[in-house]
Every structure is written in structure tokens, then in C-alpha cells.
Amino acid sequence: MTDPNANSAWADTRPGPWDPEPAKIEIPLGQGPAVLPRSVATAAVGAPPAPPTAPALSHGAWMREGLRSALFLPPRTGPAAPSPWQLLVLSLIGGALVVVAARFQVVGPAQFNLRGWLAPMWSSLVLLWVAWWAMAPAQRAVAASGAGSSLAPSQGSAVPPSGGLAAWYVLSVWAPLAPVLLLYGLAGLAARQPGLVEGAVAGTVFWAAYGALMLWVLAALVVVTARFVRSRSRTAVFAVAMAAVVGVGAWQFQDPPWDDASAQGLADGVEAGADAQAAEPAEAQEPAHLVLSQAVFEQQQALWARQVQALAPQREGVVDVYGLVFAPYAGEEVFRRESTLVSTLLQERFDAQGRVIHLLNHPDTADTLAWATPQNLQRAIAALAQRMDREHDLLVVYMTSHGARNHALAAAHWPLEVPPVTPEMLRSMLDASGIRHRVIAISACYSGGWIAPLATDTSLVMTAADATHTSYGCGTRSELTFFGRAVFDEQLRRTHSFTEAFAQAVPVIARREVEAGKQDGFSNPQIHVGAKVVPVLRALEQRLQTAEADRGRAGATQLAGAGAKP
């Protein structure tokens, strides 16, 4: 029988008698068209086989490999890449752990600062771009060779990670997480137990540990990035860029993710019936920075000389009030406002016009007020002692700043280095000056620790808190501290008695702290009144009340005379 296809163009494609039997695919009847396996289907049409997809890792596996990278061990992720959902969840978990750790740095109640949390995130965008650039050649080589694409997760340790930018980002979030949490814990411990870092040795140990943890963070990021980049030169560029980004962030974005809860403003502390606008918290502003120059230093010297020369002399037979207002912390506008208020109040209410020295650290007042440094504090006390009657006149000292548990008064005026002031330091300066009668007010947390070192028979000392509690109202949005507002801005405008003003202010402060939700207990303001200063204060109060009454009568007479004119 003749094959009808013998002369066909397809004759030579048919199997010969010795050719192997072709593979048969059976399709069961009644079940419709069969779905062919992908490998068979592609082979049937002559298409090359598609490369297997990269293996997937669980959320826990990504966390584990990231933490493993913190120990400089290679992450066993191979070609795996996180899904968009995993990228979001893993990033949020890592960020949440950092925010929780940062809360430990704030002693007492705190308020989340969204701006402080979001502001440094620009650095992540910059590092993402640099990492993408650095690993681009390695990723192209991996894609061209297809190496490692078929490895299972358990085999991923055999090759460097090659999951792309998403895999790098997840590992870069978790690799430095352990040292970052330790950094926040160390800083929080120093804030809560400042005595642990006091002294030269303890301070050196603290900063050595802090520096070691910072190096660990940077090294972990560089090493995990190098495993993706696989180029020494590009890894070096990434390391330099990362160091620059971290430096700029530390310089320009210093706001922490948590603020003292008193930064909510004094709206909670405004008395009922006060103007609604006054109850609005002041807007938080980015603090300005001092620009040091030769002109600034020379101007400060000339300014100091003018302030001293402008001091009014003592008047015979009159108990004059001289004032010294000291605000050494430049980072908070509240201290500038409060110190200015007290300086003005002393001159207007206590007949101290021309007899007050205001020392303030603030970039905007470098050409108008002398800096609040320990050296200027000592010079100011000495200058006042030379002008006043040290045996009979009264010196009022007002200090406002943040306070530490070791009772040091915080000082900051970056880039100017300003050491903190202690109660022992102030007592030594006052004793050396020979000024007998003193009224000293300290508005700061834990300021009750200033009472014992400053207490004398000829001194009145009052503080915004006791030695173990925080005061309130020294946050970035506060108009005045609770103590400064209640005692000086309110009560001392109604009376000339410091003791009466303090007694009236304490319950007001207590009520406002409860309304504001202060969680670490009542600040418990303290006062010491020496027996020998009481007669001086009474004589001053009587003189000021008499003068005020005389001014009132004179004003009434003028009004009456004006009304009698046709």
C-alpha cells in the first residue's frame, strides 16, 4: 500500500521504523480540554522555559535575618524580595520600636512630636537613592546570569542577597535596630539617673559607650549594604554619603519624637474667664542658631561694659532692689519670654529701673544682652555688689531653665559651649560678693535641691518644685512656666510681698497641673525665709505700697483737676 504522504513536504518529519516512540499525552474523555503543565506547553511550542520565581520569606524570617545582620553575619535571604505589604509592615514595626524606645528619654509625662518624628525621614530617601545607585551593577549582573534565582530560602546563605532595593531596605531597617534601641536606652538612663554619668570617669565611660553604639549602627548599615553592592568603591561612596546624611540630620533636625508634656502649652493652666486667645498655646518654632564670629565676640565685650556702666547707683536711706535675671538655655523660647517678663517686672513693680542685669542665651539677643554663662554670672554679681549697699539693699536673683535630678541648671547656646550652673556655684559667688540680703527664685525641674545650699538667715529662696519632682510649662509651645506665670506674672502684680505671692500661687499651680494632666505628681514648690531678711522685705513692701498709693492719689488729683476745668 502506498503512503499518500510519501511525496509530501512533511514526509521526512514523520518517525521512521527505528525512531523512538513519541511521548503520548492522554486526555480522559468527557473531561474537556486538558491543561498542560507549563514545561510541557512551552516545550510544545518551542519557547524557552521561564526562570523559576524567587522564594518568599515570612515576616519573621525577614526580622530574623535583619537582626542577624546586626552581628555582621550574612543574611540568608538569597534572591528573596519582600512583598509591598511586607515592606510596609516591617518598616512600621521597626519604626514603632524606635519610637517606644525614644519615649524612655523623657522623664515624666510626654507628648508625641509628629514633626520631630517625620523630619529626619528625608535621610531615608537620600540613602535609598544612593543604595540604588551603588547596587545597580551588581543587580544587573544577577539578572543577566540568573544566578541564585532557583535557590530555596534554606539555600540562600550560599549566595549574597540579591533581592533588590526592597530587600536592602528591610534589612537596613532591622540590621541597626539593636544598637539604636541600646542608644535610646543609654540616653534615657542618663536622663533618669544623671548621677550615674557625673564625674570625669563616669562621663568618659558614658560617652565611650555612646560612641561605640553609634559606630555599631553605622558599621551594620555599611556591611549589609556591601553584601548587595559587591563593589568596594561603590560601598565606600555609600558610606561617605551615609555619614554626611547622619551628620546633617544631627545638626539640622534635632527635634526628638517626644516632648515634655508641658509643651502642650499653658491653655490648660489659664484661669476660667481668661481671654480665649491667651489660652491658645504658642506655636512651636524651629530654634535659631547662634552664628559665632569675631564681630559677635567683640560686640559682647562692648555690650557687657555698657550694661555695667548703665547700672544706677544706690540711693542713701533707701532699700534699693537690684536684680539679676539668668536664662542660660537657648533652645526654648519660653525662657526668653519669662526672663524678659521678670526683668521688666522688677523694674516696674519694685523700683529697680536701671538696676537689673539680664543675662540671656538666645541668637536674636547676641547684640543686645550679655550671654548667660557662669563667668558672666559671677561678673554680674560682682558688678552689682559694687553699685549697691551690700549691707542694706536687696538683690533679687531669678533663674529659669531646665533642671536635672542632680540639681544642675541646664545651659545650652550651640555652638558656644556653656557649662551648667549648680546651687553650690551660685552660693559661692554670692558669698564672695558680700551681698547679705537675697531673694532667689529658681524656676526649673527638681529645683528644690537649691534650697539647702542657698538658705541663710538673710535669704529668701523659692523654687518651682521640690528636689524630686518636675515643674511644668517649660516646653517648646509654652508661653511661661507655671511657676513664673503664677508667682511673677500674676501674684506679684497684685502685691509687693514675695511670701504672699508664693503662698497665693501654690494652690493655683497645683490646680493647673491637675488640669494639665501632670502624671508624676505635684511639683510641690518650696520656700525658705530667713529670719533676718523678713524686716528688710517688710520695709521694702511698705515703701513700695506707700509710693503706689501716692501715685494713685496724685493721679486722682490730676483727673479731678482736669474735670474741674471748663
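Here, every reference points to the structure presented above.
Nothing here was measured: the structure is a model prediction, and the numbers come from that model.

Draft legend 1. Fine view of the pairing of strand 4 (residues 356–360). With respect to burial, strand 4 is a largely interior element, five of its five residues being buried. Residues Val356, His358 and Leu360 line one face of strand 4 and the alternating positions Ile357 and Leu359 line the opposite face, and both faces are buried. Across five bridges, the pairing between strand 3 (residues 321–327) and strand 4 is parallel. Its bridge partner lying in strand 4, alanine 327 is registered against leucine 360. In terms of handedness, the path from strand 3 via helix 12 (residues 333–349) over to strand 4 forms a crossover that is right-handed.

Draft legend 2. Structural detail: the side chain of glutamine 491. Relative to the assigned elements, glutamine 491 resides in the loop between helix 16 (482–490) and helix 17 (498–516). Here glutamine 491 is in contact with Ala486, Ala501, Gln504 and Ala505, once residues within four sequence places are set aside.

Draft legend 3. Expanded view of the environment of leucine 127. Relative to the helices and strands, leucine 127 is located in helix 5 (residues 122–145). Taking the C-alpha atoms as reference, leucine 127 lies 8.0 Å from valine 245; in sequence the two are 118 residues apart. For leucine 127, the contacting residues outside a window of four places in its chain are Trp168, Phe238, Met242 and Val245.

Draft legend 4. Structural view of the nonpolar core. Judged by nonpolar contacts, the single largest core of 35 residues is most densely connected at Phe350, Met462, Phe483, Val487, Phe488, Leu492 and Phe498. Elements with a contribution of two residues or more to this core: strand 3, helix 12, strand 5 (394–400), strand 6 (437–443), strand 7 (459–463), helix 16, helix 17 and helix 18 (534–564). When residues of this core are assigned to their parent elements, the largest contribution, six residues, is made by helix 17. If near-sequence neighbours (up to four positions away) are discounted, methionine 462 is found in contact with Ile440, Ala441, Ile442, Phe483, Val487, Phe488, Phe498, Phe502, Gln526 and Ile527.

Draft legend 5. Region of the structure containing the packing of aromatic side chains. Within this structure, the stated rule accounts for nine aromatic pairs. Taking the centre distance of 5.0 Å and the plane angle of 80° together, the rings of phenylalanine 206 and tryptophan 207 count as edge-to-face. Centroid distance tyrosine 472 to phenylalanine 482: 5.2 Å. Interplanar angle 80°. Geometry classified as edge-to-face. On the criterion of sequence distance, the pair formed by tyrosine 472 in the loop between strand 7 and helix 16 and phenylalanine 482 in helix 16 is long-range, its members being 10 residues apart. By the burial criterion, tyrosine 472 is buried, and phenylalanine 482 matches it. Ring pairing ties together the aromatic residues Phe206, Trp207 and Tyr210, which thus form one cluster. Here the basic side chain of arginine 234 rests over the ring of tryptophan 133, its NZ or CZ set 4.2 Å away from the ring centre.

Draft legend 6. Structural detail: the pattern of salt bridges. Counting across every chain of the model gives 17 salt bridges. As a salt-bridge pair, glutamate 479 and arginine 337 come within 3.7 Å of each other at their nearest N and O atoms. One end of the pair, glutamate 479, is in the loop between strand 7 and helix 16; the other, arginine 337, is in helix 12, and 142 residues separate them in sequence. Classification of arginine 337 as partly exposed rests on a relative accessible area of 25%.

Draft legend 7. Region of the structure containing a nonpolar patch on the surface. On the surface, Phe112, Leu114, Leu118 and Met121 cluster together into a nonpolar patch covering about 340 Å² of accessible area. Residue placement: phenylalanine 112 occurs in strand 1 (residues 110–112).

Draft legend 8. Main features of the packing of helix 13 (residues 374–387) against helix 14 (residues 423–433). Here helix 13 crosses helix 14 at 25°, and the two axes come no closer than 9 Å. Classified by the interaxial angle, the pair formed by helix 13 and helix 14 is roughly parallel. For the pair helix 13 and helix 14, the sense of crossing is right-handed. From helix 13, Pro374, Leu377, Gln378, Ile381 and Ala385 reach across to helix 14, where they touch Met425, Leu426, Met429, Leu430 and Ser433. Of the residues assigned to the contact of helix 13 with helix 14, the class counts are eight nonpolar, two polar and no charged.

Draft legend 9. Structural detail: the sheet that holds strand 3. Spatially, 4-3-5-6-7-8 is the arrangement adopted by the six strands of the open sheet, whose pairing is mixed. Two strands bound the open sheet, and with one partner strand each, they are strand 4 and strand 8 (526–529). Ignoring strand direction, the axes of neighbouring strands in this sheet form an average angle of 5°. Pairing between strand 5 and strand 6: seven bridges, direction parallel. Its bridge partner being in strand 6, tyrosine 398 is matched across the sheet by alanine 441.

Draft legend 10. Fine view of the environment of alanine 101. Tracing the backbone through its elements, the reader meets alanine 101 in helix 3 (residues 84–103). Here alanine 101 is in contact with Leu181 and Tyr184, once residues within four sequence places are set aside.

Draft legend 11. Examining unusual backbone geometry more closely. The residue after tryptophan 414, namely proline 415, is reached through a cis peptide bond having omega 5°. Tracing the sequence through the fold places proline 415 in the loop between strand 5 and helix 14. Look at arginine 230: it is not a glycine, yet its phi comes out positive at around 60°. Along the chain, arginine 230 falls in the loop between helix 8 (200–229) and helix 9 (232–252). Here tyrosine 446, not a glycine, exhibits a phi torsion of approximately 60°, which is positive. Secondary-structure assignment places tyrosine 446 in the loop between strand 6 and helix 15 (451–454).

Rules behind the numbers
- The residue count restarts for each chain, going from 1 along the sequence in the order it is written.
- Selection of residues for local features in this predicted model requires a pLDDT of at least 70, selection of side-chain atom pairs for listing and counting requires 80 or more, and totals for whole chains, interfaces and linings are taken over all residues.
- Heavy atoms throughout the structure, all of them, feed into the side-chain values; hydrogens and water do not.
- Note on classification: 1.4 Å probe, protein chains only; a residue is buried when its accessible area is under 20% of the maximum for its type, exposed when over 50%, partly exposed between these limits.
- The helix and strand labels rest on DSSP assignments: H or I over at least four residues marks a helix, E over at least two residues marks a strand, and numbering proceeds from the N terminus.
- Any two strands with at least two DSSP-identified bridges between them are counted as paired.
- Note on handedness: a clockwise path from strand one over the helix to strand two, with the strands aimed away from the viewer, defines a right-handed crossover.
- Should any heavy atoms of two residues lie within 4.5 Å, those residues are counted as being in contact.
- For this analysis, a nonpolar core means a set of buried residues of the types Ala, Val, Leu, Ile, Met, Phe, Trp, Tyr and Cys, connected via side-chain atoms within 4.5 Å.
- Within 6.5 Å between ring centres, the rings of Phe, Tyr and Trp (the latter by its six-membered ring) count as paired, and their orientation is classed by plane angle as stacked under 30 degrees, edge-to-face over 60, tilted in between.
- Only when the NZ of Lys or the CZ of Arg is both within 6 Å of the ring centre and within 35 degrees of the ring normal is a charge said to sit over the ring.
- Any carboxyl oxygen of Asp or Glu within 4 Å of a side-chain nitrogen of Lys or Arg constitutes a salt bridge here.
- Two distance rules govern patches: like charges are joined within 9 Å, and nonpolar side chains (Val, Leu, Ile, Met, Phe, Trp, Tyr) within 5 Å, applied only to residues with over 30% relative accessible area and no salt bridge.
- Under the convention used here, a 1.4 Å probe and the Shrake-Rupley method define accessible areas, while residue burial counts only the protein chains that appear.
- For every element, the axis is a line fit to its C-alpha atoms; helices are fit only across the contacting stretch, and the angle between N-to-C directions ranges from 0 to 180 degrees.
- Relative orientations are named as follows: roughly parallel for angles under 35 degrees, roughly antiparallel for angles over 145 degrees, roughly perpendicular for angles from 65 to 115 degrees, and oblique for any other angle.
- Should the near helix be turned anticlockwise from the far one by less than a right angle, the crossing is termed left-handed; should it be turned clockwise, right-handed.
- Lys, Arg, Asp and Glu make up the charged group, whereas Ala, Val, Leu, Ile, Met, Phe, Trp, Tyr, Cys and Pro make up the nonpolar group; the residues left over, Gly among them, are polar.

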